[in-house]
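Analysis of the macromolecular model
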Amino acid sequence: MAFFNGEDLRQVYKKAQAEGYGLMANNIAETNVLIGLLEGYAKRCSDLVIQVSPGAAAFAGGGNRTTGLTILSYTIQQLAKYYPIGVSLNLDHFTVNDMPLIKQAIDGSLVSSIMIDASRESFEENVRISHQVVRMAKGSGILIEAELGKIKGMEDEVASDEAFYTDPEEAVEFIKRTEADLLAISIGTQHGVSKGRDVVLQTDIAKRIHERLEEDSLLIPLVLHGTSGLLAQQIQEIIHCGVCKLNKDTRYQYEYARTAHDFYRAHTSSIVPPSGVEDNSSGLFSESNWTPNKSDFDPRVVGKLVRAKITETAIELIDQAGSANHTLLREG
Ligand SMILES: [Zn+2]
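Please read these numbers as outputs of a predicted model, since none were measured by experiment. (Residues numbered from 1 in each chain as written. Predicted model: local features only at pLDDT ≥ 70, side-chain atom pairs only at ≥ 80, totals over all residues.)

1. Description of the overall build of the protein
A tally of helices and strands in the protein yields 14 helices and nine strands. The principal-axis extents of the C-alpha atoms in the protein amount to approximately 75 × 50 × 40 Å. Here the protein holds 332 residues, and the buried ones make up 44% of them. In the protein, 70% of the contacts between residues at least 6 apart in sequence involve partners at least 24 apart. (Helix = DSSP H or I, 4+ residues; strand = E, 2+ residues; numbered from the N terminus. Buried ≥ 20, exposed ≤ 12 C-beta atoms within 10 Å, placed from the backbone. Contact = placed C-beta atoms within 7 Å.)

2. Concerning the pairing of strand S7 (residues 182–185)
Residues Leu-182 and Ala-184 point to one face of S7 and Leu-183 and Ile-185 to the other, with burial holding for every one of them. Strand direction decides the pairing type here: strand S6 (residues 143–148) and S7, joined by four bridges, are parallel. Paired with Glu-145 across the bridge in S7 is Leu-182. Pairing of S7 with strand S8 (residues 222–224), which is carried by three bridges, proceeds in the parallel orientation. The partner of Ala-184 across the bridge, within S8, is Val-223. (Pairing = 2+ DSSP bridges.)

3. Some points on the packing of helix H2 (residues 31–43) against helix H13 (residues 299–321)
Two elements in contact, H2 and H13, have axes separated by 7 Å at closest approach and are oriented at 45°. Comparing the axis directions of H2 and H13 gives the class oblique. When you trace H2 past H13, the crossing you get is right-handed. Here H2 contributes Asn-32, Val-33, Ile-35, Gly-36, Leu-37, Glu-39, Gly-40, Tyr-41 and Lys-43 to the contact with H13, which in turn contributes Gly-303, Val-306, Arg-307, Ile-310, Thr-311, Ala-314, Ile-315 and Ile-318. Taken together, the residues of the contact of H2 with H13 break down into nine nonpolar, five polar and three charged. (Axes fitted to C-alpha atoms, helices over the stretch in contact; angles between N-to-C directions. Parallel < 35°, antiparallel > 145°, perpendicular 65-115°, else oblique. Left-handed = near helix turned anticlockwise from the far one by under 90°. Nonpolar A, V, L, I, M, F, W, Y, C, P; charged D, E, K, R; others polar.)

4. Quick look at the nonpolar core
Formed by 89 residues in total, the largest nonpolar core has its most connected members in Ile-114, Leu-183, Ile-185 and Leu-222. With seven residues, the top contributor of residues to this core is H13. With residues up to four places along the chain from it excluded, the contact list for Leu-183 reads Ala-146, Leu-148, Ala-171, Ile-175, Ile-220, Leu-222 and Val-223. (Core = buried A, V, L, I, M, F, W, Y, C linked by C-beta atoms within 7 Å.)

5. Let's talk about helix H10 (residues 250–266)
Taking 1.5 Å as the rise per residue, H10 with 17 residues should run 24 Å; its terminal C-alpha atoms sit 24 Å apart, in good agreement. Looking only at H10, the buried set comprises Arg-251, Tyr-252, Tyr-256 and Thr-259. Axial view of H10: buried residues confined to an arc of 140°, hence all on one face. Opposite the packed face of H10, turned more than 90 degrees from it, sit the exposed residues Tyr-254, Ala-257, Arg-258, His-261 and Arg-265. Residues of H10 that are buried sit in contact with strand S2 (23–27), H2, strand S9 (243–248) and H13. (Expected span 1.5 Å × (residues − 1). Arc of directions from axis to C-beta.)

6. Points about the environment of Ile-220
Secondary-structure assignment places Ile-220 in the loop between helix H8 (203–215) and S8. Residue class for Ile-220 comes out buried when judged on the 24 C-beta atoms lying within 10 Å of it. Setting aside chain neighbours within four positions, we find Ile-220 in contact with Ile-175, Leu-182, Leu-183 and Leu-213.

7. Some thoughts on the packing of helix H5 (residues 99–107) against helix H6 (residues 123–137)
Taken N-terminus to C-terminus, the directions of H5 and H6 make an angle of 25°; their axes are 10 Å apart at the nearest point. Between H5 and H6, the crossing angle belongs to the class labelled roughly parallel. The hand of the H5/H6 crossing is right-handed. On H6, the residues that touch Ile-102, Lys-103 and Ile-106 of H5 are Val-133, Met-136 and Ala-137. A breakdown of the residues in the contact of H5 with H6 according to their chemical character gives five nonpolar, no polar and one charged.

8. Notes on the pairing of S2
A large share of S2 lies buried, amounting to five of its five residues. Taking every second residue as pointing to the same face, both faces of S2 are buried, with Leu-23, Ala-25 and Asn-27 on one and Met-24 and Asn-26 on the other. Alignment of S2 against S9, held across four bridges, turns out to be parallel. Across the sheet, Asn-26 pairs through a bridge with Lys-248, a residue of S9.

Below you can see the structure in the form of structure tokens.
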């Protein structure tokens, strides 16, 4: 029905915060996952947040990120027309090095929100860069997500566990100074942190950040990255602690690969020549009596299965987040 702009998306998060549920934010790099998500979210009448990382934009554009982002944004906007839900697009983990593309995304109204990730910089530098993007987006309605964690460096194994987590007091100062619309926090799921060790989810920190922001009338939706491995109960817990947007990428990647793997393995004899037949696809094995089976190797066959699996997975995750039957369009 609609591609949501930043102001629409702000209402999506506002409603979720007021009614105590969350929204999964789902990464895509191509259309099978996108269509699978649209189908699942439409079935559950939930608004849909899609994300594109700089790497995904480069992939979609054959190496050109501007082209890739434009293609994905237009594809999303066109497909969104056919689904009775609101669909939004967030830029995921864009950094200070991506400023030209951020500007193009704002000027071209390609997105609903942008995550500027300067969390590896010093606090002051993080504030400066994040605020710069907020100012760039002013007047466009596009929401800005900034991240605050205390990661000193991905490879720094000397740092204590506490050093990875967001400080609630700093979070208040950070939001006041950056004027960001959403805050990504670090409570144990941050990428790269787990690296061989067990991650302990510090939900009390999320709760404290949420309370401190609320005390200063900053009703900022909190964001948690790297949630693919969390259990349903942990998802409930973090939503209860004020997390509103939960990023999911890895789970879909796994389901995609697993679906394709299982299908091709089950149909090996349709695709791989039997022993005794020369493995030479030039001329489509015209030297032998064996013929590969098009009804199995046509990429649309496995593509449809991938889409169906993504739909099923999306529904499972929508139900965990509680966003079913909450689309803004239903109330309009
Ligand atoms: Zn992330």
